Amino acid sequence: MKILVIGNGGREHALAWKLLQSPQVEQVFVAPGNGGTAIMEKCQNVPLAVDDFAGIGKFAQENQISLVVVGPEVPLALGITDALQSQNIPVFGPNKAGAQIEASKAWAKALMEEAGIPTAKSATFTDAEAAKAYVAEQGAPIVVKADGLAAGKGVIVAETVAEAQTAITTIFKEEIGKSITQSPVPSPQSPVTVVIEECLVGEEASVLALTDGVTIRPLIPAQDHKRIGEGDTGPNTGGMGAYAPAPLVTPSLMDRIEREVLQRAIATLKKRHIDYRGVLYAGLMISPQGELKVLEFNCRFGDPETQAVLPLLETPLEELMLACTQQRLAEMPPIRWKSGACVSVVMSSEGYPGSYPKGKEITGISQAESTGAVVFHAGTKFDQTLVTDGGRVLGVTAIGENISSAKALAYNAVDKIQFAGAYYRRDISNKAIS
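These numbers come from a predicted model, not from an experiment. (Residues numbered from 1 in each chain as written. Predicted model: local features only at pLDDT ≥ 70, side-chain atom pairs only at ≥ 80, totals over all residues. Heavy atoms only, no water.)

What to know about the nonpolar core
Here is step 1 of the chain: Formed by 50 residues in total, the largest nonpolar core has its most connected members in I101, I257 and F297.
Here is step 2 of the chain: No other element matches the 8 residues that helix α10 (residues 251-271) contributes to this core.
Here is step 3 of the chain: Membership of the second largest hydrophobic core comes to 43 residues, among which are A14, C43, A244 and V309. (Core = buried A, V, L, I, M, F, W, Y, C linked by side-chain atoms within 4.5 Å. Buried < 20%, exposed > 50% of the residue type's maximum accessible area, 1.4 Å probe, protein only. Helix = DSSP H or I, 4+ residues; strand = E, 2+ residues; numbered from the N terminus.)

A word on the confidence of the model for the protein
Here is step 1 of the chain: With 97% of its residues at a pLDDT of at least 70, the protein reaches an overall mean of 94.
Here is step 2 of the chain: Contacts for the low-pLDDT stretch residues 181-188, under 50 throughout, to residues beyond four places or in other chains number 12 contacts. (pLDDT = per-residue confidence, 0-100. Contact = heavy atoms within 4.5 Å.)

Focus: the sheet that holds strand β18 (residues 341-348)
Here is step 1 of the chain: On the basis of which strands lie adjacent, the open sheet formed by 5 strands has the order β12-β15-β18-β22-β19 and antiparallel pairing. Single-partner strands in this sheet number two, and they are β12 (223-224) and β19 (374-377).
Here is step 2 of the chain: Here β18 runs beside strand β22 (residues 392-400); their pairing, made up of 8 bridges, is antiparallel. Following the sheet pairing, A341 is matched in β22 by G400. (Pairing = 2+ DSSP bridges.)

So, the side chain of R217
Here is step 1 of the chain: Within the secondary structure, R217 is located in strand β11 (residues 216-218).
Here is step 2 of the chain: Buried charge without a salt bridge: R217, with E258 as the nearest opposite-charge side chain at an N-O distance of 7.2 Å.
Here is step 3 of the chain: Apart from residues lying up to four places away in sequence, R217 is in contact with A209, L210, L329, A330, M332, P333, P334 and I335. (Lys, Arg positive; Asp, Glu negative; His and termini not counted. Salt bridge = Lys/Arg side-chain N within 4 Å of Asp/Glu carboxyl O.)

Describing the pairing of strand β1 (residues 2-7)
Here is step 1 of the chain: Most of β1 is tucked away: 5 of the 6 residues are buried.
Here is step 2 of the chain: Of the pairings in the sheet, the one linking β1 to strand β2 (residues 27-32) comprises 6 bridges and is parallel in character. Looking at the pairing, G7 lines up with P32 of β2.
Here is step 3 of the chain: For the crossover from β1 across helix α1 (residues 10-19) to β2, the handedness is right-handed.
Here is step 4 of the chain: Pairing analysis gives 4 bridges linking β1 to strand β4 (residues 67-70), with the strands arranged parallel. Across the sheet, L4 pairs through a bridge with V68, a residue of β4. (Right-handed = clockwise from strand over helix to strand, strands pointing away.)

Looking at the environment of L262
Here is step 1 of the chain: Residue position: L262 is located in helix α10.
Here is step 2 of the chain: Separated by 52 residues in the primary sequence, L262 and L210 have C-alpha atoms spaced 9.9 Å apart.

A word on unusual backbone geometry
Here is step 1 of the chain: With omega at 0°, the peptide bond leading from A31 into P32 counts as cis.
Here is step 2 of the chain: Among the secondary structure elements, P32 is positioned in strand β2.
Here is step 3 of the chain: Backbone torsion omega between D303 and P304 reads 25°, so that peptide bond is classified as cis.
Here is step 4 of the chain: Structurally, P304 is set in the loop between β17 (292-298) and α11 (305-309).
Here is step 5 of the chain: Phi is positive for K42, which is not a glycine, with a value near 65°.
Here is step 6 of the chain: With respect to the helices and strands, K42 occurs in the loop between α2 (35-39) and β3 (43-45).
Here is step 7 of the chain: Taking relative accessible area as the criterion, K42 reaches 43% and is therefore assigned partly exposed.
Here is step 8 of the chain: Of note in this structure, Q384 is not a glycine but carries a positive phi near 65°.

Some thoughts on the packing of aromatic side chains
Here is step 1 of the chain: Under the counting rule described, the total for this entry stands at 6 aromatic pairs.
Here is step 2 of the chain: Ring centres 5.3 Å apart and planes at 50° place the aromatic pair F125 and Y134 in the tilted group. The pair F125 / Y134 is uniform in exposure class, with both members buried.
Here is step 3 of the chain: If you follow R272 out to its NZ or CZ, it ends over the ring of W107, 5.0 Å from the centre.
Here is step 4 of the chain: The lysine or arginine in question, R300, covers the ring of Y281, its NZ or CZ lying 5.9 Å from the ring centre. (Phe/Tyr/Trp six-rings, centres within 6.5 Å; stacked < 30°, edge-to-face > 60°. Lys NZ or Arg CZ within 6 Å of the ring centre and 35° of its normal.)

Next comes the structure, spelled out in structure tokens:
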């Protein structure tokens, strides 16, 4: 098989790396890829933008691509799957209608309500003043969410009413998360929408599941660390590290997640005549009492959760993906997993998640990998030498017998890598160890 992976982050490097472990996979192309996918054996970067559907389709046809795997949410929300399927190119990733589950928080909330999926109490507004009045009535803490895709910057957990109202003003003024699902170019008429939610208390967990639109199979649960600072402090990021499996999600809780969340979501999508094939990712809040609520759904693999989950997967990934595209997931044997645990630590550029420099030389990756760790590249490129090219630069990943040993191995590898201004949290996975 020749497989084309769409995207340029750590998640896409991890997908390409995992796919290439199968003897069935002859070559992986990544469009546009990064510094890590550029140097991986049997892997080749392709200079195509993630939204260049015509170019991607042409490349897939000319290179006899067996499967296109879509990493990021934006091309899915813009309809890459529909565009490629119209040329009979197999795609792992939901169509435009299905991708609304991530591309519109208001749409996802309505789906959860219809499906009877446990979630936070919420209200949706297209008028800033009405949203502010609702916040004043409800009080704080309260959560303000821009409706559309906002690259991780559209969710504000406000501790005060004033903070929530400022967030509402900013979202409407800057048109953050304006819908891109209606058409590739948002029309001036499409309203800015906010979803206001009650603030849930507890611990977050991520459950990524594979589905062919009829059957849904969860992967092992993971926990992401969204805040920039240790002890979960400071602003939200795209994720500063992850570990799997997360002991917070017990086998009995996983049974409930399958029944009350995943199966209900797929049944309701089907009822709406949406043929959803790909990843359904449930971001969950587990209360101290063990109560379960869905914070959000995503329509793709999580980043950085993928970097912690895939190293433990034993079943060949391309077999599962093909079964999803061909709607025969029910026929597949149970998904097999390695024993042990995996911890992935993100090394970021100085200043992230705000503005940050690029072009800083990176050294020590081969020394880090000589310890047995895997280094997934996120924001890197080759410019005579390997240099930084993004906010999240690397995901340093290690497997151990348990979470404590995986953590120790991951940080031992982190210590061998250098670039100017490198920053990382030292407490990834601590919640599972303490």
